Amino acid sequence: MGQQKQDGVVGNEECQLCRITYSIYSNFPPMPSAMALNAETGEWFPFDRLKSYSTGYEMAEALGYAWACDCRGRAFKRFNEQFEIRDSTGKRQAGVRYRIRVGSKVLAKGVTDAQGRTQRLSTDNAKQVSIEVAGS
Ligand SMILES: [Zn+2]
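Quick caveat, the model's predicted, so the values are computed rather than measured. (Residues numbered from 1 in each chain as written. Predicted model: local features only at pLDDT ≥ 70, side-chain atom pairs only at ≥ 80, totals over all residues.)

Some points on the nonpolar core
Here is step 1 of the chain: Counting 11 residues, the largest nonpolar core is built from Cys18, Tyr22, Tyr25, Leu50, Tyr57, Met59, Ala60, Ala62, Ala66, Cys69 and Cys71.
Here is step 2 of the chain: Put simply, the parts of the chain that give this core at least two residues each are helix H1 (16-25) and helix H3 (56-63).
Here is step 3 of the chain: The element that contributes the greatest number of residues to this core is H3, accounting for four residues. (Core = buried A, V, L, I, M, F, W, Y, C linked by C-beta atoms within 7 Å. Buried ≥ 20, exposed ≤ 12 C-beta atoms within 10 Å, placed from the backbone. Helix = DSSP H or I, 4+ residues; strand = E, 2+ residues; numbered from the N terminus.)

Describing the sheet that holds strand S4 (residues 97-102)
Within a beta sheet, neighbouring strands are joined by backbone hydrogen bonds and run either parallel or antiparallel to one another.
Here is step 1 of the chain: The strand order across the open sheet formed by three strands is S5-S4-S7, and the pairing between neighbours is antiparallel. The open sheet is flanked by strand S5 (105-111) and strand S7 (129-133), the only strands paired with a single partner. Strand after strand, the sheet turns through a mean of 20 degrees between neighbouring axes, direction not considered.
Here is step 2 of the chain: Relative to S5, S4 is paired through six bridges, and the arrangement is antiparallel. Considered in S5, the bridge of Arg101 is made with Val106. (Pairing = 2+ DSSP bridges. Axes fitted to C-alpha atoms, helices over the stretch in contact; angles between N-to-C directions.)

Section: the pairing of S5
Here is step 1 of the chain: Little of S5 sits inside the fold, with zero of its seven residues counted as buried.
Here is step 2 of the chain: Joining the antiparallel neighbours S4 and S5 is a turn of two residues, in which Gly103 adopts a positive phi near 65 degrees.

Observations regarding the environment of Asp70
Here is step 1 of the chain: Take Asp70: it is sitting in the loop between H3 and helix H4 (73-76).
Here is step 2 of the chain: The sequence separation of Asp70 and Leu17 amounts to 53 residues, and the corresponding C-alpha distance is 7.6 Å.
Here is step 3 of the chain: Among all residues touching Asp70, those that are not within four sequence positions of it are Cys15 and Leu17. (Contact = placed C-beta atoms within 7 Å.)

Some remarks on the confidence of the model for the protein chain
Low pLDDT marks stretches whose predicted atomic positions should not be read closely.
Here is step 1 of the chain: Here the protein chain shows a mean pLDDT of 83. Residues at 70 or above account for 81%.
Here is step 2 of the chain: The low-confidence segment residues 1-11 (pLDDT under 50) makes five contacts with residues lying over four places distant or belonging to another chain. (pLDDT = per-residue confidence, 0-100.)

Below is the structure:
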C-alpha cells in the first residue's frame, strides 16, 4: 500500500470539513479565469488561490465557512465582540441591565457603561449570540 498524502498538522486530527474541502480543491485543474465566492463576506476572489493553500482549513476560511470547522475553528477563530445598546432614536443607553446568551446559556450579564456598551465577550459561535435587555 502506498503512503497516504499527509498535509495536516502533525498530531492534530483534521475534521471532515477540512479533509473534504482539501480533497476537493487541491485536485482541481488550474482555472485562471474562474472566481470563487467567500460566502461570509460576499467577496469574489481568484479560484486558483484556493489551490495555493496547504490545508483545508485555509480553503474553508477563504470560502467563508471555516466557522463550521470542528478541528481548528474553535481554537483559532473566536468571536470577540461587545454590543452597543441604543434606543429607537439612536441614543446610547447607559445603565441598562442586559444579558447575553448563546442558545440557552447565559454568557454574560451586567449593566451598560456610559457609552451604552456591554462588556466584551468571547465565544466561538457568533451566529447564536443573542442579547436581552431589561425594560427600564
Ligand atoms: Zn477542521
